[in-house]
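A structural walkthrough
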Amino acid sequence: EAQELVNSIQFINGGRRIILSGPLVEASWLSNLDKVKTFAIFILADTSLGDEVFQSLAPAKNLEIVILDSRKVTGKGLEHLSPDKLRRLVLSGTAANDDALKEIRHIPRLQEIELDATNVTSRVFQHLESLKQLKILSLAGTQVTDTGFAAIGKLTSLEALNLKRTKIHGQSLSQLASLTKLKTLDLGDTQLDDSDLSAFGKLTQLESLSLENTPI
């Protein structure tokens, strides 16, 4: 059975992409990942697996994209991922939290991070400061608030930022002024109002701004 799994993995896009999906996926399957040396994309969806997946991915030196969709994933174990080529990390809908994500700072080539509908707060920005290539950050539906939001000003490489359904208010918008490369900003479903509009004038590269379902 394990060999059949390995064979099917190798067949997907020439072995470049691995997708493990569904309730029948077992932790024992992960032990076979080291038999597929070439995969660059790993997707885990709708399974009961948790953070043990990170250690299983340690031998994958060509990883470029990791997408995990499981409520048992917190992010603890990120240090096992090879930092050499990893550029996109998606943990949306997981139980990811600030403390578990502290090792993300050691993946310097990350360009895109999606943490929508997770347990992270504004504290997560402290872990992202060292990611000088980070261009896309999505935090929709998280616990991000005004407290600690100032740290976002150090993410100066950002080009796209999604803060939809977060708990920030107008006084936090001044912290975005240092994000001089920002082109896309989503602040939908927040509590911004007309008095906050002047803050966007400092974002001279902004091409797309969403204020859907705000008091504005």
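Quick note: structure is the one above.
Residues numbered from 1 in each chain as written. Predicted model: local features only at pLDDT ≥ 70, side-chain atom pairs only at ≥ 80, totals over all residues. Heavy atoms only, no water.

With that settled, consider the pattern of salt bridges. On inspection of all chains with the given rule, the structure shows seven salt bridges. Residues aspartate 98 and arginine 123 are paired through a salt bridge, measuring 3.9 Å at the closest nitrogen-oxygen approach. Taken as a pair, aspartate 98 in the loop between strand S4 (88–90) and strand S5 (112–114) and arginine 123 in the loop between S5 and helix H3 (124–128) lie far apart in primary sequence, 25 residues in all. Among the residues examined, aspartate 98 registers a relative accessible area of 4% and is labelled buried. Lysine 154 is the partner of glutamate 129 in a salt bridge, and the nearest nitrogen-oxygen pair spans 3.9 Å. Residue glutamate 129 is located in the loop between H3 and strand S6 (136–138), and its partner lysine 154 is located in the loop between S6 and strand S7 (160–162); the two are separated by 25 residues in the primary sequence. (Salt bridge = Lys/Arg side-chain N within 4 Å of Asp/Glu carboxyl O. Helix = DSSP H or I, 4+ residues; strand = E, 2+ residues; numbered from the N terminus. Buried < 20%, exposed > 50% of the residue type's maximum accessible area, 1.4 Å probe, protein only.)

All right, on to the nonpolar core then. Core analysis: the largest hydrophobic core is formed by 57 residues, its most contacted members being Phe42, Phe125 and Leu161. It is H3 that provides the largest number of residues to this core, a total of three residues. (Core = buried A, V, L, I, M, F, W, Y, C linked by side-chain atoms within 4.5 Å.)

With that out of the way, let us pick up the side chain of asparagine 162. With respect to the helices and strands, asparagine 162 occurs in strand S7. There is a polar contact of 3.4 Å between the side chain of asparagine 162 and the side chain of serine 138. With residues up to four places along the chain from it excluded, the contact list for asparagine 162 reads Leu137, Ser138, Leu139, Ala140 and Asp186. (Polar contact = N/O pair within 3.5 Å; in protein donor to acceptor, adjacent residues only side chain to side chain. Contact = heavy atoms within 4.5 Å.)

Attention shifts here to the environment of threonine 118. Position of threonine 118 among the secondary structure elements: in the loop between S5 and H3. The spatial distance from the C-alpha of threonine 118 to the C-alpha of glycine 93 is 5.6 Å, given a sequence separation of 25 residues. Apart from residues no more than four positions distant in its own chain, threonine 118 is found in contact with Leu91, Ser92, Gly93, Thr94, Ala96, Gly141, Thr142 and Gln143.

A word on the pairing of strand S3 (residues 65–69). Pairing geometry for strand S2 (residues 41–45) and S3, over five bridges, is parallel. Within S3, the position partnered with phenylalanine 42 by the bridge is valine 66. Across three bridges, S3 lies against S4 in parallel orientation. Pairing of isoleucine 67 across the sheet is with valine 90, part of S4. (Pairing = 2+ DSSP bridges.)

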